[in-house]
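# A structural walkthrough
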Amino acid sequence: MTDTQSSTGEPLSQLTFDNRLVKQLPADPLRDNYPRQVPNAIYSFVNPQRAPAPQLVAYAQDVAALLDLTPEDCASERFVQVFTGNELLPGMEPHATCYGGHQFGQWAGQLGDGRAINLGEVKNRRGEHWTLQLKGAGPTPYSRTADGNAVLRSSLREFLCSEAMHHLGVPTTRALSLTLTGDQVQRDMFYDGNPEWEPGAVVCRVAPSFTRFGHFEILTARGEVDLLRQMADFTLRNDFPELGPPGRDSYIALLKEVCVRTARMIAHWMRVGFVHGVMNTDNMSILGLTIDYGPYGWLEGYDPGWTPNTTDAQGRRYRFGHQPQMALWNLLQLANALYPLVEDAAPLEAALDEYRREYLRSFQRDSVAKLGLPEYRPETDDKLTEDLQRLLPLVETDMTIFYRCLADFDPLVDQAEDSRSDAQLIEPLLPAYYSPPTEEHQQRTADWLRQYRERLVQEWVRTGLDQRQRRERMNRVNPKYVLRNYMAQQAIDAAEQGDFSEVYRLLELLRNPYDEQPQNQRYFARRPEWARRRPGSSMLSCSS
């Protein structure tokens, strides 16, 4: 078999399209591609623009497998042409969807897929539906004043992060491929009047659905209640069939299910120290998936007030510690959007309460799992976790490294008392600190470790667990490797010079983030000082 053939003949010939959204929901009657308001429609047909010189940067083998694509398919020239937007396969019906949203707390009106084009919906051999979406493949009717393109740096970050989050166990959209277009795209990275030309790129994103809270918000805001009902019914039939046939009860059940899924997603963000950066309602998935990787980041110095987004630097609306509250606020906007279908606030408010309950359950479970404890006991663990959250920000402490090193703390369960000094107790944690801890911080940390040791002794006497089992438990939920911004920036720097090797190294590293991977130990390190303030390695803007 050559690199331009698949097991079924022509490359990509096994892709079967079942475009349910296009078949079941109304389209924009206009076919002309220019920015405009699009009322009374869910989507507009639009073709990707032609790229002059497509080139494959990387593809994700796990996502290709979801689509029944072989390595030979992904190595073919046709793959590059299709997933940069130059060729349409039989059955593809490219379109962009209409949605609105609240951005930084303010209603923004119509937004829509201004830089994304859905190629179609693949039905794989297992009967699963996967929507293929090109981000950066040109303008759509929803592009407003933008060009619909994307640049390599943001596209590479999204490609890597989508896959990193999946392998961390966080619900997310996926990424099949990253390609260069051969175009140069002008971007003002920090909105400071200094635009630069950058390599254009396209990411092929993959998800069961890209439906957002904003798809419902725009319809309610425009008073298009009949279309709102069609959209809700479509979502129930195709994404939530287990909730029963469309109707008032299932609309309420839909909101409740979205609340539960969103709570679990946010709890995962908090577990791994991820900060989304732009939690607008148009960036919230109805499936509870992490979507739209813009100015994201992982906590390095543990700071609940940190946001990676320069646009949000003053208000810090979407800071790490505020994400659970922001998700609830966004869900309230979704509830308001669904209200015309229910016309009763009480059951919608009850669904929002389910978010609070599910988030608390998930947060408590994850908090003790990160400490190697099998279950949350409020009488001891409320104080234990609260004391730790107050302790971590006192000095600059790398969250990922701290929890991973905490697994190496030996509680000496077989000894009645622990006679170790403060310095001896905290020694396993030293790699997590950006500067040597003061004597006062040593004492406070050692006091917390003694409190933690007492809790472990109680649990181990009760269950018979040992240090090896505890360490294994902790290392299953506390990743060793995350996609730090400086790591992504180094891959961007190399890729802009035509070297894609670091992209593949990171892609492989992040497929197994909980494994020790001794050959990759260099990635298990605090952020270097040169990256503290460097653009792209610390905070980022919303610029593509």
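Residues numbered from 1 in each chain as written. Predicted model: local features only at pLDDT ≥ 70, side-chain atom pairs only at ≥ 80, totals over all residues. Heavy atoms only, no water.

Joining two cysteines, a disulfide is a covalent bond between their sulfur atoms. With the rule as written, the count across this model stands at zero disulfides. We note that C74 lacks a disulfide partner, and the nearest cysteine sulfur, in C204, lies 10 Å from it. (Disulfide = S-S within 2.5 Å.)

Any two packed helices are characterised by how steeply their axes cross, that is the angle between the axes, and by the distance between the axes. Helix α14 (residues 439-463) packs onto helix α11 (residues 378-391) with a crossing angle of 155 degrees between their chain directions and a minimal axis gap of 11 Å. The angle between α11 and α14 places the two elements in the roughly antiparallel class. The hand of the α11/α14 crossing is left-handed. Facing T380, D381, K383, L384, D387, L388 and L391 of α11, the residues of α14 in contact are H441, R444, T445, W448, Q451, Y452, R455 and Q458. In terms of residue class, the contact of α11 with α14 is made up of five nonpolar, five polar and five charged. (Axes fitted to C-alpha atoms, helices over the stretch in contact; angles between N-to-C directions. Helix = DSSP H or I, 4+ residues; strand = E, 2+ residues; numbered from the N terminus. Parallel < 35°, antiparallel > 145°, perpendicular 65-115°, else oblique. Left-handed = near helix turned anticlockwise from the far one by under 90°. Contact = heavy atoms within 4.5 Å. Nonpolar A, V, L, I, M, F, W, Y, C, P; charged D, E, K, R; others polar.)

If you look at the biggest cluster of nonpolar residues, it comprises 154 residues, and the most contacted ones within it are F83, F159, L176, W298, L406, Y452 and L483. Broken down by element, the residue count for this core peaks at 13 residues, all from helix α8 (residues 248-272). The contacts of Y452, once residues within four sequence positions are left out, are L371, L384, L406, F409, R470 and M474. (Core = buried A, V, L, I, M, F, W, Y, C linked by side-chain atoms within 4.5 Å. Buried < 20%, exposed > 50% of the residue type's maximum accessible area, 1.4 Å probe, protein only.)

Put simply, helix α7 (residues 225-239) and helix α9 (residues 323-342) touch, their axes get as near as 10 Å, and they point 100 degrees apart. Compared by their axis directions, α7 and α9 come out roughly perpendicular. Contacts between α7 and α9 involve V225, L228, R229 and A232 from the first element and A337, P340 and L341 from the second. Within the contact of α7 with α9, the residues separate by chemical class into six nonpolar, no polar and one charged.

Turning next to helix α15 (residues 467-477). Residues R470, M474, N475 and V477 constitute the buried set of α15. Relative to the axis of α15, the buried residues are bounded by an arc of 165 degrees and lie together on one face. Buried residues in α15 make contact with α8, α10 (345-369), α12 (399-406) and α14. For α15, the capping residue at the N-terminal end is D466, with a side-chain oxygen 3.3 Å from the backbone nitrogen of R468. (Arc of directions from axis to C-beta. Polar contact = N/O pair within 3.5 Å; in protein donor to acceptor, adjacent residues only side chain to side chain.)

A few words on the environment of Y403. Note that Y403 resides in helix α12. Among the residues examined, Y403 registers a relative accessible area of 11% and is labelled buried. Residues Y403 and K370 lie 33 residues apart in sequence; the distance between their C-alpha atoms is 7.1 Å. Look past the residues within four positions of Y403 in its chain and what remains in contact with it is K370, L371, L388, L392, M474 and N478.

Here we come to the environment of S538. The topology assignment puts S538 in the segment after α17 (501-509). Distance in space between the C-alpha atoms of S538 and L352 is 34 Å, their sequence separation being 186 residues.

Let us now look at the packing of aromatic side chains. Under the criterion given, the structure shown has 17 aromatic pairs. Where W448 meets Y452, the ring centres are 5.0 Å apart and the plane angle is 20 degrees; that geometry is what we call stacked. Residue W448 and its partner Y452 are both found in helix α14; the two are separated by four residues, about one turn of the helix. Residue classification places Y452 among the buried positions, given a relative accessible area of 0%. It is R36 that lies over the ring of Y34; its NZ or CZ is 4.8 Å from the centre. Lying across the ring of Y434, R526 places its NZ or CZ 5.8 Å from the centre. (Phe/Tyr/Trp six-rings, centres within 6.5 Å; stacked < 30°, edge-to-face > 60°. Lys NZ or Arg CZ within 6 Å of the ring centre and 35° of its normal.)

Before going further, it helps to examine the side chain of R404. Residue position: R404 is located in helix α12. The contact partners of R404, leaving out residues within four places of it in the chain, are N475, N478, P479, K480, Y514, D515, E516 and F524.

Under the defined criterion, the tally for this structure stands at 51 salt bridges. With a shortest N-O distance of 2.9 Å, R527 and E396 are connected by a salt bridge. Linking R527 in the segment after α17 with E396 in the loop between α11 and α12, this pair joins segments that are 131 residues apart in sequence. On the basis of relative accessibility, which here comes to 10%, the residue R527 falls in the buried class. Overall, E396 belongs to the partly exposed group, its relative accessible area being 27%. Linking R505 and E502 is a salt bridge whose minimum nitrogen-to-oxygen distance equals 2.7 Å. Here R505 and its partner E502 are both found in helix α17, three residues apart, which amounts to about one turn of the helix. (Salt bridge = Lys/Arg side-chain N within 4 Å of Asp/Glu carboxyl O.)

By secondary structure assignment, the location of N283 is in the loop between β11 (274-275) and β12 (297-298). Taking relative accessible area as the criterion, N283 reaches 10% and is therefore assigned buried. Here N283 is in contact with R212, H276, V278, I291 and D292, once residues within four sequence places are set aside.

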